[in-house]
Amino acid sequence: MQLIPLFTGGVALGDVGLLTIDGKNEVLKGVRSFFKKVANKDGTFRPGVPTDYPGNSDTKFSGIAAPTYAVVVHKTFGWELPYEQETIRFFLSCQKEDGAFYAPTGEGDMEQPLAKLYNTVQSVAALKILGKEPRYDPSPVIDYFFQENRFQELPLYTTSFFALYFSAWKDKMPSYIDEKMRMYLKGNQTADGYIGDHVASTFHAAHYYRLIGEETPMAAKMVNRVLKDQKTDGSWSLNPPDWDVHAVFDALFILKQVGGNSRKREIKQAYRKATDWILSCRNPEDGGFSHFPSNEPSDVDAVYFHVAGLVESGYLKPIKGIENEEIYGWGHLMDPEKTYSCLE
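Residues numbered from 1 in each chain as written. Predicted model: local features only at pLDDT ≥ 70, side-chain atom pairs only at ≥ 80, totals over all residues. Heavy atoms only, no water.

A. Broad picture of the side chain of Thr202. Take Thr202: it is sitting in helix H9 (residues 199–212). Dropping the residues within four chain positions of it, Thr202 is found in contact with Gly193, Tyr194, Ile195, Met222 and Ile254. (Helix = DSSP H or I, 4+ residues; strand = E, 2+ residues; numbered from the N terminus. Contact = heavy atoms within 4.5 Å.)

Structure, rendered in structure tokens:
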């Protein structure tokens, strides 16, 4: 019932189900329309409809982000990309002989380790979803971070990048990498289950453990804090916008994937409130989403994380029969009852 005012001014109770279905269909229709507006004939995607819009968060950082999220969203719902073969060629063209992928646009320094990691993991996953392999072996990119423990120089929100890579790549994660990552996560986890006092870093820890098929340490305490931190408007916007830009998605993943059955009623209520907040970020004029209500133009980054959040909350349903669902984006399709493992 909370969703009805978003779609209609007043209806009889008997119409509620139909209107909810119509509302969901309208969201999906809008999202697909938005992607058509930002699609380029060379297979790339702009961050937003305005040609001079630089993007935000991932789409601002790397020109590989928007095409990756476009692939993930389209295949989540069984849509064909506007220029699918060109998109495949774009990803393949971004890789160099060193194995790393380099985005042709974006504010990030593409020669720096963080950009190489992000671009390589995203490209390997996107190509896997599209049924293609990279031209060169990307393993040297990952190996670099486990020489002299260089992975510890990365932000805490990158921990699950490595598990996602090995979930998408043909080789499994070596045990020595897993041992180092688990020790690193354990050393950064606090008494309330959080990593780095931030829901994003905590999400990546939960994501890491789900991808290796192990129980998330201190899961109950982690879930307790997520539930406590949700604001009355349904969001988890507790810090500056650039810090909490993906907070709702991150929180919903934790609740869904490690929440278990102990607090089902509270988690269901959290889903409902989060769904209402996400829908308040929708821009009906172009079908996309802003990161925050009335905050900025629609952005492919926001579209992915909000659409994925709506899948996590159960509001939107993906197409049936998706394989390798764990590599789609940041885990919105993962089944909490299923065990995944990227380990040797």
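Resuming the write-up.
B. Examining the pattern of salt bridges more closely. Tallied over the full model, the rule gives 11 salt bridges. A salt bridge links Asp197 to Arg225, with the nearest nitrogen and oxygen atoms 2.9 Å apart. You can see Asp197 sitting in the loop between helix H8 (175–188) and H9 and its partner Arg225 sitting in helix H10 (residues 219–229), a full 28 residues away along the chain. On the basis of relative accessible area, Asp197 is assigned to the exposed category, the value being 53%. (Salt bridge = Lys/Arg side-chain N within 4 Å of Asp/Glu carboxyl O. Buried < 20%, exposed > 50% of the residue type's maximum accessible area, 1.4 Å probe, protein only.)

C. A look at the packing of helix H12 (residues 264–279) against helix H13 (residues 300–312). At their nearest, the axes of H12 and H13 sit 10 Å apart, and the two run at 150 degrees to each other. One element, H12, and the other, H13, form an angle in the roughly antiparallel class. Between H12 and H13 lies a crossing whose hand is left-handed. For the pair H12 and H13, contact is made by Tyr271, Thr275, Trp277, Ile278 and Leu279 and by His306, Gly309, Leu310 and Glu312, respectively. Of the residues contributing to the contact of H12 with H13, the split by class is five nonpolar, three polar and one charged. (Axes fitted to C-alpha atoms, helices over the stretch in contact; angles between N-to-C directions. Parallel < 35°, antiparallel > 145°, perpendicular 65-115°, else oblique. Left-handed = near helix turned anticlockwise from the far one by under 90°. Nonpolar A, V, L, I, M, F, W, Y, C, P; charged D, E, K, R; others polar.)

D. Focus on unusual backbone geometry. If you check the backbone angles, Asp197 has positive phi at about 55 degrees while not being a glycine. Positive phi is not limited to glycine here, since Asn324 has a value of about 55 degrees. Note that Asn324 resides in the segment after H13. Asn324 gets classed as partly exposed once you look at its relative accessible area, which sits at 34%.

E. Layout of a negative patch on the surface. Taken together, Glu97, Asp98, Asp109 and Glu111 make up a surface patch of like negative charges. With respect to the helices, strands and loops of the structure, Asp109 is situated in the loop between helix H4 (84–93) and helix H5 (113–129). (Patch = residues over 30% accessible without salt bridge, like charges linked within 9 Å, V, L, I, M, F, W, Y side chains within 5 Å. Areas by Shrake-Rupley, 256 points an atom, 1.4 Å probe, with all protein chains shown as cover. Lys, Arg positive; Asp, Glu negative; His and termini not counted. Charge placed at Lys NZ, Arg CZ, Asp CG, Glu CD.)

F. Region of the structure containing the packing of aromatic side chains. If you walk through the whole model with that rule in mind, you get 23 aromatic pairs. Pairing Phe203 with Phe253 gives two aromatic rings, centres 5.0 Å apart and planes at 85 degrees, and the pair type is edge-to-face. You can see Phe203 sitting in helix H9 and its partner Phe253 sitting in helix H11 (residues 247–258), a full 50 residues away along the chain. There is no split in this pair, since Phe203 and Phe253 are both buried. Ring geometry for Phe249 versus Phe305: centroids 5.3 Å apart, planes at 80 degrees, classification edge-to-face. Linking Phe249 in helix H11 with Phe305 in helix H13, this pair joins segments that are 56 residues apart in sequence. Relative accessible area serves as the criterion here: at 2%, Phe249 is assigned to the buried category. Owing to a relative accessible area of 6%, Phe305 belongs among the buried residues under this scheme. One aromatic cluster is present, formed by Tyr69, Phe203, Phe249, Phe253, Tyr304 and Phe305 through successive ring pairs. (Phe/Tyr/Trp six-rings, centres within 6.5 Å; stacked < 30°, edge-to-face > 60°.)

G. Expanded view of the side chain of Ser62. Mapped onto the fold, Ser62 is located in the loop between helix H2 (58–61) and helix H3 (65–76). Within polar-contact distance, the side chain of Ser62 engages the side chain of Asn119 at 2.5 Å. Each residue touching Ser62, except ones within four places of it in the same chain, is listed here: Ala103, Thr105, Gly106, Met110, Tyr118 and Asn119. (Polar contact = N/O pair within 3.5 Å; in protein donor to acceptor, adjacent residues only side chain to side chain.)

H. H11, seen in detail. An ideal rise of 1.5 Å per residue puts 16 Å on 12 residues; H11 measures up with 16 Å between its terminal C-alpha atoms. Counting buried positions along H11 gives 11 out of 12 residues, so the element sits mostly inside the fold. Turning to H11, its buried residues number three or more, namely Ala247, Val248, Phe249, Asp250, Ala251, Leu252, Phe253, Ile254, Leu255, Gln257 and Val258. If you follow the buried residues of H11, they end up packed against H9, H10, H12 and H13. (Expected span 1.5 Å × (residues − 1).)

I. Highlighting the confidence of the model for the protein chain. Averaged over all residues, the pLDDT of the protein chain equals 93, while 94% of them reach at least 70. Every residue in residues 1–19 scores below 50 in pLDDT, and together they form 19 contacts with partners more than four places removed in sequence or on other chains. (pLDDT = per-residue confidence, 0-100.)

J. Geometry of helix H7 (residues 159–168). Most of H7 sits out of view: 10 of its 10 residues are buried. Those residues of H7 that sit buried are Thr159, Ser160, Phe161, Phe162, Ala163, Leu164, Tyr165, Phe166, Ser167 and Ala168. If you follow the buried residues of H7, they end up packed against H5, helix H6 (139–145), H8 and H9.

K. Focus on the packing of H8 against H9. The interhelical angle for the contact between H8 and H9, taken along N-to-C directions, is 150 degrees, at an axis separation of 11 Å. Overall, the two elements H8 and H9 adopt an arrangement that is roughly antiparallel. As for the relative orientation of H8 and H9, their crossing is left-handed in sense. On H9, the residues that touch Ile177, Asp178, Met181, Arg182 and Leu185 of H8 are Ala205, Tyr208, Tyr209 and Ile212. Class assignment of the residues belonging to the contact of H8 with H9 gives a composition of seven nonpolar, no polar and two charged.

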